Amino acid sequence: MKPAKFEYSRPDDLPTVLALLADQEDARILAGGQSLVPMMNFRIAQPAALIDINRVPGLDYIRMEGDVIAIGALARHADIQRSPVIQSNIPIMTEAYDWVAHSAVRNRGTLCGNLCHADPASEMPALMQLLEAQMVVASHTGQREVPAADFFTGTYETALEPDEMLTEVRIAKPAAGTGWRFEEVSMRKGDFAWAACAAMLRLEAGQIAMPRVAVAGVGDAPMRLDAVEAILTGQAPSEDLFQTAAQTGADAIDPPETPAASAAYRKDLVRTLLPRVLSTAAERAE
Amino acid sequence: MASHLDSNVIPPSRQREVPRQGMTWIGQSIKRVEDPRILSGKGGYIDDITVPGMAHAAMVRSPHAHARIVSIDTSKAKDLPGVIGVYTGEDLATVVDPCPSFASPPVPQHAMSIGKVRHVGEVVAAVVAEDRYIAEDAADLIEVEWDVLPANVDIEASLEATGDAVIHPDDRESNSALDQTFAFGPVEQHFAEADHVIKRRLRWNRSSAQAIETCGVVADYDAFKGGYTIHANTNFYNFIPFVIGGSLRVSPGELRIIPVLAGGSFGSKVFIHKIIILTAGLARLAGVPVKYIEDRMEHFMNSDSHGSDRLYDAELAVMEDGTFRSLRFTVLDDYGAYLQFGVGTHGNAMAQVTGPYQIESVGMRVIAVLTNKCQQGPYRGFGSEVTNWVIERMVDATAEELGRDGVELREQNMVQPDQFPYMIPTGNIYDSGNFQEVLAQAKGLIDYDAWKARAAEMRTEGRCVGVGLATCMERSVYGPTEWWSLNDKEAPGFTLTSTPEGISARIDPSGKMFVTLNSPMVGNSPETVVTQILAERLTVAPEDVVINYADSQTGFNGVGPQGSRFTAMIAGACVSASIKLEERLLRFAAHMLQRRPDDLELRNGAVGVKGLKDQEKSFGEIALTSSFFRLSFPDTEEFDSGLETTAVYDHPISSDPHPDREHLGIFYPIVGHICHIVAVEVDPGTGKVDILDYAAVHDNGTIVNPRTLGGQVWGGTANGIGSTLFEQFIYDDEGQFTNPNFAEFAMPTANEMPRNFKLGHVETPSPFTEYGIKGGGEGGRLGAPSALTTAIEDALKTYGVKINSLPVTPPTLRGLIRERELAITAE
């Protein structure tokens, strides 16, 4: 279980990183390495080159920029999970982190690396879609922003071009009074999700406004459940409504069939979890 | 009345140290003496071993479950710089013969496949290179052409296989490796007389221990002397030369096996004979020392340590009043592609197949089924964990069908305290016990009645909360007839009868006591246990005991930690050595103090005159004088220099199986007893099980160290929770092993363990072992599955869910609940 041969470089600044990324065939960015390195050891991933960004200064920020929270490419999961900026502005992210791997992985792993890995059962890609985050993508020729909805294109696939790197995630602070909830079922705590459901909503005159519902682990990529959001919009929260939403959600997904968990089971989980996250989110909404 | 057991006579006890209260060191929770060097990284595991000129091996493994090897092209690999040699099964066969087998008749196995592969992960070629990276690069360049054959995956379907699907067509016409029927007592008569026959079909699926360290070997062939020097993390290093010498074409004495600290075994490292043969053969072919450490996938796929994989059709004959009469079953066991020790795991289970209950007869048909999976090997419980679960399932089924309380039914049928030693129908004995006291303590520890009431109340509120209780046996101090007693009648290739354990001890002129063991440390506490027993018996200070490990050429008898034997057996060896050393200490001291030996006593590491506090000689003074000043003593042989001895302890009580297998003799007689009680809550929408409360009470006789025994109970319970809720090796229809990694094979972590684990002990000393010690190494895995299964069924009472197969992972349990939801809706 040793990786195949690869080139390794560890630049001190971002322009060099981006230049190397453009120059080298089949190069990958090494940030936390918590998914990439095991895959290389299994020889599932055999990149020709690794560009280690851990010596690049100033990429590990988690900061407010007006109403936007900006998270840099080297911000570690553990720091984000414990960040007061995140706790007070995006509490669903702190809550979701409870389900992300184990502390050893969170200490080293980065949010941006996690998003680029794009595991369909991973929590943060689903959460970024829920939060409608903007992905700041840089290359040696410039920079662009990609909405989360367009970033995750499939299993382990993103909108990144080979010469591009995800340098920052920008999340608009949810509106005051937003209720939220994240729940997940996996074999053990810290495992990839068999199904995870996340919800945010507001109540306006007792009716649900701007609901957002996202799921992970139940398709090729994490996704928003538009049909569920449509059913909820403008309705008063009730057990019946949430049961209807749950059935709609279960009908809208086409989960994978794996040896450990069947598609039918994953649909069951969405049916079970959706009413739970929606009712908690409704309770938390002001 | 004549009985099939009449010929099975219980020999008298050879116990020398009787159990007693108030001992100085035995019974103390001293800190493990092994820990400081291990926790500071100085332990020395197999991968820490390097020898001059050492090369590294990597393997090419079969991607197919069942296939003929058409051709192997190694040319590209051979050309890679840094590669020393590339070898196929035919190459290896020029220097080694097939693997040994305890099975009778044997199922042939090669350390590297020749002509055909029989499970995914089997080795088909090996690269020896300057480092492991190059070896793996080269392995990737080897091209194998396959002729894929039908894969046998299902345990029942495999028995029907014909033609190309037969796994060993040269030796067997079908995939049934062994099919044996036994009747221990008048089974037919008891069933005919029964008022009720309770039937269940029960399935236990395969998993394995997955110690944190995989198996590994560093082997060197001495072309001049013709022998091998081998470092390996086997449990069994003093016996393994006798097991593998034939395969390596050397006499056992030409194999020097050097033990290393092992990073956990739980059975998985009992033999590791296959990779020792493989690595040694590669070293001989390559002409350099070779290191081979299994990676995790290799350990999953090819380590020969998969646990039981059984399908039972079981019947319990019961009288109207609830009295159990007879148990009988047909069991199919999916042994995988080979059968290294026959049906030894069923031999083991016969030690306690009737559980703690009085059942007059037992009938069994055991069919060892060959499939295209990795072969079975030892895993904590060695098959008895399954029968424990089966008998407890049958008791619960009986309680349900008779409308009885399960605990009350257990108490009604339990062996009573005045019935020991109690002989069960298979011939094994239960040496001692007090099952009622264990039950009472466990119930008290968790407040069983209050939990039952609370769970019932919570269920009326719509929550799925339940309580389960299991009373199980924990046989210990194995006798080796279990390996072959159920094999076919032909004599097996290799038999043992007493599992001797040896020790050597020397008190040196500095006053230190140097002790050499003949069994390795595998994560258990051999040094702590030996220190405490010697401190107890000889009054030496624990810090003066220094422990080392012999290798297979410098040591002698040792069978290693397995079958919950080590503590009781090494205690016997310690007592034997102490008796010999005491005799010499007293003789020398008597001369030095000018007293008769009868006037002297051992006290605080000294020999003193009874009743006279100031008249004594320390062990150090005696050793110094006896070692360096020979002329101070009479010129007779008994005063020869030095204070040292070797001693061995043979199995305390065992007998041979009946020639016609009317019974199996006494082979696993030192029995512990356990009661586990657990309260769980099930989330019916997800199938997740939350353990709310847990109590485990074990009776392992006299306890040497409550802390280390507690660790065994805790760890075994974690294994048991894994086997019940999480762990299963899933082979798909093509025989692909779908989850050979830690992401998908889900062992419980700290998060899945009970938050408030309540541990209790009862001490019913054995009348046969020294100090009354019993083994407890397999611990909680023998009880947790039964208690948890019962608790989950209790929690889901309103749904009427029945659990007949383990593990019940959340998806499985949710599936059972869904079935019942649909059935209830339909009603």
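Residues numbered from 1 in each chain as written. Chains lettered and ligands numbered in written order. Predicted model: local features only at pLDDT ≥ 70, side-chain atom pairs only at ≥ 80, totals over all residues.

Moving on to the overall build of chain B. Looking only at helices and strands, one finds 20 helices and 29 strands in chain B. Against the 2.2 N^0.38 benchmark of 28 Å for 827 residues, chain B shows a C-alpha radius of gyration of 28 Å, consistent with a compact globule. Along the longest, intermediate and shortest principal axes, the C-alpha atoms of chain B span 95 × 75 × 50 Å. Looking at the 827 residues of chain B, the share that counts as buried comes to 59%. (Helix = DSSP H or I, 4+ residues; strand = E, 2+ residues; numbered from the N terminus. Rg over C-alpha atoms; globule rule 2.2 N^0.38 Å. Buried ≥ 20, exposed ≤ 12 C-beta atoms within 10 Å, placed from the backbone.)

Moving on, we get to the overall build of chain A. Across its full length, chain A holds twelve helices and 14 strands. Against the compact-globule benchmark of 19 Å for 286 residues, chain A has a radius of gyration of 19 Å, which places it among compact chains. Put simply, of all contacts in chain A between residues at least 6 apart along the chain, 62% involve residues at least 24 apart. (Contact = placed C-beta atoms within 7 Å.)

What follows covers helix 11 (residues 239–252) of chain A. All names here are of chain A. A rise of 1.5 Å per residue sets the reference length of helix 11, with its 14 residues, at 20 Å; its end C-alpha atoms lie 20 Å apart and thus fit the reference within 8%. Of all the residues in helix 11, the buried ones are Phe242, Ala245, Ala246, Thr248, Gly249 and Ala250. At its buried positions, helix 11 is contacted by helix 10 (226–232) and helix 12 (263–284). (Expected span 1.5 Å × (residues − 1).)

All right, on to the interface of chain B and chain A then. In this complex, chain B contributes 27 residues to the contact, which on the side of chain A involves 16 residues. Residue assignment for the side of chain B that touches chain A shows that the elements contributing at least two residues are helix 4 (132–140), helix 9 (296–302) and helix 20 (810–826) of chain B. Take the side of chain B that touches chain A: its biggest share by element is five residues, from helix 20 of chain B.

All names here are of chain B. By the secondary structure assignment, leucine 248 is in helix 7 (residues 240–248). A sequence separation of 40 residues divides leucine 248 from serine 208, and the C-alpha atoms of the two residues are 28 Å apart. Dropping the residues within four chain positions of it, leucine 248 is found in contact with Val96, Tyr228, Leu255, Ile277 and Ala280.

Residue and element names in this part refer to chain A. Taken N-terminus to C-terminus, the directions of helix 11 and helix 12 make an angle of 140 degrees; their axes are 8 Å apart at the nearest point. Looking at the two axes, helix 11 sits oblique to helix 12. The interaxial crossing formed by helix 11 with helix 12 has right-handed handedness. Across the interface between the two elements, Phe242, Gln243, Ala245, Ala246, Gln247, Gly249 and Ala250 from helix 11 touch Lys267, Val270, Arg271, Leu274, Pro275, Leu278 and Ser279 from helix 12. For the contact of helix 11 with helix 12, the per-class residue count stands at eight nonpolar, four polar and two charged. (Axes fitted to C-alpha atoms, helices over the stretch in contact; angles between N-to-C directions. Parallel < 35°, antiparallel > 145°, perpendicular 65-115°, else oblique. Left-handed = near helix turned anticlockwise from the far one by under 90°. Nonpolar A, V, L, I, M, F, W, Y, C, P; charged D, E, K, R; others polar.)

Residue and element names in this part refer to chain B. In terms of domains, chain B is made up of domain 1 (35–43 + 500–649), domain 2 (49–149 + 215–293), domain 3 (151–207 + 307–415) and domain 4 (429–478 + 668–827). One C-alpha centre belongs to domain 1, the other to domain 2; they are set 40 Å apart. On the side of domain 2, 19 residues touch domain 1, which itself brings 17 residues to the contact. (Domains from an automatic or database assignment.)

The subject of this paragraph is the domain arrangement of chain A. Residues and elements named next belong to chain A. We note that the domain assignment places domain 1 (7–51), domain 2 (62–172) and domain 3 (179–284) within chain A. The gap between the C-alpha centroids of domain 1 and domain 2 is 19 Å. If you tally residues by element for the side of domain 1 that touches domain 2, the top one is helix 1 (residues 14–23), at five residues. Of the residues belonging to the side of domain 1 that touches domain 2, the class tally is seven nonpolar, three polar and no charged.

Take the sheet that holds strand 27 (residues 688–699) of chain B next. All names here are of chain B. The strand order 18-26-27-28 describes an open sheet built from four strands, whose pairing is mixed. What marks the edges here is a single partner per strand, and that holds for strand 18 (464–476) and strand 28 (757–762). Neighbour-to-neighbour, the strand axes of this sheet turn through a mean angle of 20 degrees, independent of strand direction. Sheet topology places strand 26 (residues 670–683) next to strand 27; eleven bridges connect them, and they run antiparallel. When the bridges of strand 27 are listed, glutamate 681 appears paired with aspartate 690. (Pairing = 2+ DSSP bridges.)

This paragraph deals with the sheet that holds strand 13 (residues 207–216) of chain A. Within a beta sheet, neighbouring strands are joined by backbone hydrogen bonds and run either parallel or antiparallel to one another. All names here are of chain A. Read across the open sheet, the four strands follow the order 11-12-13-14; overall the sheet is antiparallel. Both outer strands of the open sheet, strand 11 (179–185) and strand 14 (223–224), are each paired with one neighbouring strand and no more. The sheet contact formed by strand 11 and strand 12 (residues 195–204) spans seven bridges and is antiparallel. The partner of phenylalanine 182 across the bridge, within strand 12, is alanine 198.

All names here are of chain A. Burial along strand 5 (residues 68–72) is one-sided: the face carrying Ile69 and Ile71 is buried and the face carrying Val68, Ala70 and Gly72 is not. With four bridges connecting them, strand 4 (residues 62–65) and strand 5 associate as antiparallel partners. Each residue of the ladder has a partner; that of isoleucine 62, found in strand 5, is isoleucine 71. Hairpin geometry of strand 4 and strand 5 is characterised by an intervening segment of two residues between the two adjacent antiparallel strands and by a positive phi of about 70 degrees at glycine 66. The sheet contact formed by strand 5 and strand 10 (residues 165–172) spans five bridges and is antiparallel. Opposite isoleucine 71, over in strand 10, you have valine 169 as the bridge partner.

In this section: the nonpolar core. Within the largest apolar cluster, 270 residues are counted, with the highest numbers of intra-cluster contacts made by Leu127(A), Ala195(A), Ala198(A), Val215(A) and Val680(B). In contact with Leu127(A), not counting residues within four places along its chain, are Ile92(A), Met93(A), Ala96(A), Ala198(A) and Ala214(A). In terms of nonpolar packing, the next biggest core, distinct from the first, is built from 71 residues, Ile142(B), Leu248(B), Leu261(B) and Phe271(B) among them. (Core = buried A, V, L, I, M, F, W, Y, C linked by C-beta atoms within 7 Å.)

Residue and element names in this part refer to chain B. Axis separation between helix 11 (residues 384–402) and helix 12 (residues 406–413) bottoms out at 9 Å; the angle between their running directions is 115 degrees. Taken together, the axes of helix 11 and helix 12 lie roughly perpendicular to each other. Helix 11 and helix 12 meet at a crossing whose hand is right-handed. Together, Val395, Asp396, Thr398 and Ala399 of helix 11 and Gly406, Leu409 and Arg410 of helix 12 make up the contact between the two elements. Class assignment for the residues of the contact of helix 11 with helix 12 results in three nonpolar, two polar and two charged.

Residue and element names in this part refer to chain B. With twelve residues, helix 19 (residues 784–795) should cover 16 Å at 1.5 Å per step; its first-to-last C-alpha distance of 16 Å lies within 8% of that length. Helix 19 sits mainly inside the fold: twelve of its twelve residues count as buried. If you check which residues of helix 19 are buried, you get Ala784, Pro785, Ser786, Ala787, Leu788, Thr789, Thr790, Ala791, Ile792, Glu793, Asp794 and Ala795.

Trans peptide bonds make up most of the peptide bonds, and negative phi angles are found at most residues other than glycine. Residues and elements named next belong to chain B. For the peptide bond that leads from phenylalanine 420 to proline 421, omega is -5 degrees, which places it in the cis range. Inspection of the secondary structure puts proline 421 in the loop between helix 12 and strand 16 (422–423). A cis amide bond links leucine 806 with the next residue in sequence, proline 807, at an omega value of 0 degrees. By secondary structure assignment, the location of proline 807 is in the loop between strand 29 (805–806) and helix 20. The phi angle at threonine 499 is positive, at roughly 45 degrees, despite the residue not being glycine. With respect to the helices and strands, the residue threonine 499 is situated in the loop between strand 18 and strand 19 (501–507). If you check the backbone angles, tyrosine 771 has positive phi at about 65 degrees while not being a glycine. Among the secondary structure elements, tyrosine 771 is positioned in the loop between strand 28 and helix 19.

Moving on: the environment of Val218(B). All names here are of chain B. With respect to the helices and strands, the residue valine 218 is situated in strand 9 (residues 216–222). Judged by local crowding, valine 218 falls into the buried class, with 25 C-beta atoms found within 10 Å. On a C-alpha basis, the gap between valine 218 and phenylalanine 556 in space is 22 Å, while along the polypeptide they are 338 residues apart.

Turning our attention to the environment of Tyr156(A). By secondary structure assignment, the location of Tyr156(A) is in the loop between strand 8 (152–154) and strand 9 (157–158). Setting aside chain neighbours within four positions, we find Tyr156(A) in contact with His117(A), Ala118(A) and Asp119(A).

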